[in-house]
Each structure stands twice: as structure tokens, then as C-alpha cells.
Amino acid sequence: MHKMRFFGGIALIAAFVAGCGMTTASPEGDHKVPAEPTKIDFVTPSAVNGLVTRTLGEGDGGGRYVHITYPEIKGADPLNDKVRQEAERQLRAFRESTVKHGPAPRPELNVDWQLPVASDAAIAVRLRTGEFYGANWGNANRTIWYDGRTKQAFPSTGLLDGEAALGGLAEKVSRRLEARGSGGVGANPELFDSMAFNRDGDLVVEFDDCQVGACSLGRVAEAVPAAEVEPLLSAAGRRAREAARAAAPPTPETTPKVTPTHSPEATSNQAGTVDCAKTKCVALTFDDGPGPHTAMLLDTLRDAGARATFFTVGVNAAARPDLLRRMSGEGHLVGSHSWAHRDLSKLSSSKIADSLIRTQDTLTATLGERPTLVRPPYGAISKDVVAVSKELGISLVNWDVDTRDWRDRKAGVVAERAVKGAHPGAIILMHDIHRTTVEAVPGVLKRLRGKGYTFVTVPELYGSAGMQAGRLYPSGASGARKQPLT
Ligand code: NI
């Protein structure tokens, strides 16, 4: 019974993803009704020059989970400042509101992003926030705009020509909502904090869960036709709309051929050539990237002839396919860390599948090879996570040495924990989004090599026994011989 329902879910999601392409996105499922006028097209982030992704996170130390990713775009500093400030504001507010919560189930804050527009004329960053306080996810969106001419960043209401225009828009939106049986909305700027244009130039106004009507409705949005909204727009708003209209229809990511560029050292250390039953092996794993310091880490690993496993977050991976190709080309293994780093154990089967399939598709399109390893965010799994993984041909990988590098941003401390914890067959957890971690790696490599270790990818630890789909590998090679968790 359960299995049948699950297959149905997979098929539906696959159809949805295929129909919408990579750029339309509903990774954790907040577009209940895709297509039609309220649909916004998003720019393929890898097409935006000078884009890096930043991450704010918190692991299990504070009794809550936090993962916030946001983009930073070269040459748009006022926008970057506003987006970063908004991310920090949401983190502060969440910390304040969760102080009194107990440990289980852990409250969670998750923020990812999309770009409704990104051109010289205008940029929009849409931050998608999910909050979990013990029962359901609540979702909210906020879109921050940037005008290429004035070099100013502003909230969505800056698309409008002042307070009177906001009043006029609230009236138009209210009429539409009332026609659908919902209540109207007042001219409150907080309610109009996420607006963008569809491909016809209509203004799409979207509301957070519970802002308009019942919480169970999910995303509620209204599109106000271009002709009606025209008199309400500010000068920046008109330029933003032109930029949105001028954007070429999104094209799917092409799959360039991967040219391996193994260094001689790395070649002597290729998959299959190391017998970890006879050699002291250790697997360095880097989660949450690629990020601003990943290229530096790749340089370090290449210079040392060491290989590692990268568990990449889909939203970051989609933004930086160049770094993924480098990882793969230089002999590292690229795995998945879900689309946006939500605790998968708090999601339904269909949403788990959505998050994993979307990431698998992105990595496959970039690397020409389907990843088989997933590290579940926060190491959290459920029966549903295991069942979905099995269906998708995925092995789940946790760790046995935690450097706690997200908490202690000191290269010396991180290196010490990695070296002290290492043992033959160990899987060491680190995060390449932190500069201090990347700075710790040269010392880790040198000291562990001094102790006779060889650096391998995770599957090499298991040698000819291989790794099975739908199985959790809670720790390194010795732990893998234990019974699987089902
Ligand atoms: Ni993580």
C-alpha cells in the first residue's frame, strides 16, 4: 500500500520537474499550482557572472537547525548588503523565538533563493523561507530588488510609485482575492514584500502561508495584468518590468564534456587502486558547498594529491557547475546533500523525493553521471528517507569523526579534531563553506599522511563489498559491517 502511494508520488514529481525544467523550481514544494499567470520564470544562476553563494548555518548544538543560503553577485554590493542583512535578521528573529523550545522535534529555519531577474538593468533575489516549530512547515517569500541604473537596492514595494500606488494595488489584489472567496488585504508593505513580473509583464504578488486565507492553502498569489499595473509602477519598477520581459526564455543547462585533469599524484591514487583492507585509509568529506572557499580547497587537495568526497547542496551546485566539474575532473567524488538542506526526516515521502531528485538531476546534468551517495542534512533520517533512497538507488552516508567546524571557526581546533579522531576507515565531517576549515586542511593532510594515511573517497572505504542503495552507512568502514538501519 505504502509503496504504491510512493511510486505515484515519484511519477508525479518527475512529470512536474520535467515539465518545468531546471529554472522553475519548487524544490520543497511551495508552488501548489504551477503554470498560469502567477508563475514566475527564474534565471539559471550559473548564467550569472560573478555569483557566489553564502551560507549561514547552525547544527545540533543549540537545539535547533538553521540553514540559510543566499547569493552574492559581483558589482551589486547594495543588493548584497540588503540580502545579507535580511538573512541575518531572519536568523536573529528565529533564535529569539526558539529560545524556549525543547530539544525534540527540533525547530528549524531554512532559507534558499531564486533569481526572478538578473541582468545589467535589474536583479531580483527571492528568498524562500521555511520554518518548522514542531508540527508543520510555514513558508514565506521575500523578494529584494536592485536597479542597475541608480545602483540602489529596495524592497518589492519600491517597484511601486509611493503609498498611493500601494493602496491602488492592494485594492486590485483584494478584488481578485475576494472573487476567489478569500478576504482582502490592506496596503501594508509587509504583505507586499514579495513581488515580481511574469513573462507577460504582469505583476505577481505572492503571500506567505496564513497571510491570506487558511494556512493549508499554501502559496497564494495574484497576477495583476500589465496594463492595470502600469500606472502604479515607479521608474525603477518600469525598468524592472522591462528587464523581466527582455530576459530570454530559460534554456536548460547543457552538459559539457568532462575532461579529467588528474594530477600525476592523484592518478596514482585513483578509485580502485587503493585496497583499504591493507592500507590505512581515511575519507575526508566536505558538506554544504560549493561555496566561496571551495576553489582554494580544491587547490590544496590537488597539490597534496589527496582525494575527498563533496556532499553538495543542490541550490549551491546549480549556481556553480564550474566547481562541480573541477571536483569530478580532479578525482573527487561528488555526492548530494539534498536541495536546500532541510531536515529530510521532517518531510513527507514526496517532498523527500522532490528534494533528492532535483539535486540528482542537477548533478547529473553537470557531471554526466548520476550520483549514488547522499548525506542527509544534519545526519537526520527516517523510514521514509531510507525508503525513498532505496527507490532512487542512493546510499546514505553519515560520519564518525565530527570536527564541529561550524561551531569553532579556528583552523587549529578543526585540524586537531580531525587528526585526533582519525582511525583506519574513518569518515571525517567538515564543511567547505567555512574559510577556517579550508585553512585547516593542509595541516590535516600533512599530519595524517605522516601517520601513514591515504585519502580516499567514501566508496573506496568499502572496497569490493561496495555500497548498497537504501542503506545507511552511519560511520566508516568498520561500522558499515553492522546491520543496516531499515
Ligand atoms: Ni550540512
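Residues numbered from 1 in each chain as written. Predicted model: local features only at pLDDT ≥ 70, side-chain atom pairs only at ≥ 80, totals over all residues. Heavy atoms only, no water.

### Some remarks on unusual backbone geometry
Inference 1: Of the consecutive residues G289 and P290, the connecting peptide bond is found in the cis state with omega at -5°.
Inference 2: Locating P290 in the fold gives a position in the loop between β10 (281-287) and α7 (294-304).
Inference 3: The phi dihedral of S338 falls on the positive side, at around 75°, and the residue is not glycine.
Inference 4: Along the chain, S338 turns up in the loop between β12 (333-336) and α10 (349-367).
Inference 5: For Y378, which is not glycine, the phi dihedral falls at a positive 60°. (Helix = DSSP H or I, 4+ residues; strand = E, 2+ residues; numbered from the N terminus.)

### Some words on helix α13 (residues 435-450)
Residues spaced three or four apart along an α-helix face the same direction, because each turn holds 3.6 residues.
Inference 1: In this model, α13 (16 residues) spans 24 Å end to end at C-alpha, consistent with the 22 Å of a helix rising 1.5 Å per residue.
Inference 2: In the structure, α13 departs most strongly from a straight axis at V441, where the bend amounts to approximately 30° and where the proline P442 lies between one and four residues downstream.
Inference 3: By the burial criterion, the buried members of α13 are T436, T437, V438, A440, V441, V444, L445 and L448.
Inference 4: Buried-residue contacts for α13 involve β10, α7, α12 (411-421), β16 (426-431) and β17 (454-455).
Inference 5: Of the residues trailing α13, G452 is marked for its positive phi of about 90°. (Expected span 1.5 Å × (residues − 1). Bend = angle between axes of the 7 residues up to and from the residue. Buried < 20%, exposed > 50% of the residue type's maximum accessible area, 1.4 Å probe, protein only. Contact = heavy atoms within 4.5 Å.)

### Some details on the packing of aromatic side chains
What characterises a pair of aromatic rings is the spacing of the ring centres plus the angle enclosed by the ring planes.
Inference 1: A complete count under the given rule lists 7 aromatic pairs for this structure.
Inference 2: Here the basic side chain of K280 rests over the ring of Y453, its NZ or CZ set 4.6 Å away from the ring centre.
Inference 3: Against the face of W137 rests R342, its NZ or CZ located 4.3 Å from the ring centre. (Phe/Tyr/Trp six-rings, centres within 6.5 Å; stacked < 30°, edge-to-face > 60°. Lys NZ or Arg CZ within 6 Å of the ring centre and 35° of its normal.)

### Considering the sheet that holds strand β1 (residues 51-58)
Inference 1: Spatially, 6 strands are ordered β1-β2-β3-β4-β5-β6 in an open sheet, and the strand pairing comes out mixed. Only two strands of the sheet have a single neighbouring strand rather than two, namely β1 and β6 (152-155). Across the sheet, the mean angle from the axis of one strand to that of its neighbour is 20°, orientation sign disregarded.
Inference 2: Sheet analysis places strand β3 (residues 108-118) next to strand β4 (residues 122-132), joined by 9 bridges and oriented antiparallel. Note on β4: the bridge partner recorded for V111 is T129. (Pairing = 2+ DSSP bridges. Axes fitted to C-alpha atoms, helices over the stretch in contact; angles between N-to-C directions.)

### Section: the sheet that holds strand β9 (residues 220-224)
Sheet strands associate in pairs through backbone hydrogen bonding, adopting either a parallel or an antiparallel arrangement.
Inference 1: With antiparallel pairing, the 3 strands of this open sheet are ordered in space as β7-β8-β9. Taken across any chain shown, the strands that pair with only one partner, and hence form the sheet edges, are β7 (195-197) and β9. Shown here is a sheet whose adjacent strand axes are inclined to one another by a mean of 25°, direction ignored.
Inference 2: Where strand β8 (residues 203-207) lies against β9, 5 bridges are found, and the strand directions are antiparallel. Along β9, the bridge assignment pairs E206 with A221.
Inference 3: Relative to the sheet, helix α3 (residues 162-179) contacts β7, β8 and β9, its axis offset from that of β9 by approximately 120°.

### Focus: the coordination of the nickel ion
Inference 1: On the protein side, the nickel ion has D288 (OD), H337 (NE2) and H341 (NE2) as donor atoms, found 2.1 to 2.2 Å from it.
Inference 2: Sequence spacing among the residues donating to the nickel ion works out to D-x48-H-x3-H. Taken together, the residues D288 in the loop between β10 and α7 and H337 in the loop between β12 and α10 connect sequence positions 49 residues apart. Neither D288 nor H337 differs from the other in exposure class; each is buried. (Donors = N, O, S within 2.8 Å, 3.2 Å for Na, K, Ca; no water.)

### A closer look at the confidence of the model for the chain
Inference 1: The predicted model of the chain averages 87 in pLDDT, with 84% of residues at 70 or higher.
Inference 2: In this model residues 1-34 is a low-confidence stretch, pLDDT under 50, and it forms 57 contacts with partners more than four residues away in sequence or in other chains.
Inference 3: Low pLDDT, under 50, characterises residues 479-486; the stretch is placed with 10 contacts to residues that sit more than four places away or in other chains. (pLDDT = per-residue confidence, 0-100.)

### Re the nonpolar core
Inference 1: By size, the foremost hydrophobic cluster in this structure holds 37 residues, and its most contacted members are W145, L160, L169, V173, F192, L203 and F207.
Inference 2: Breaking this core down by element, the ones donating at least two residues are β4, α3, β7, β8, β9 and α5 (235-246).
Inference 3: Broken down by element, the residue count for this core peaks at 6 residues, all from α3.
Inference 4: Among the nonpolar cores identified, the runner-up in size contains 33 residues, and L298, A418, A422 and L448 belong to it. (Core = buried A, V, L, I, M, F, W, Y, C linked by side-chain atoms within 4.5 Å.)

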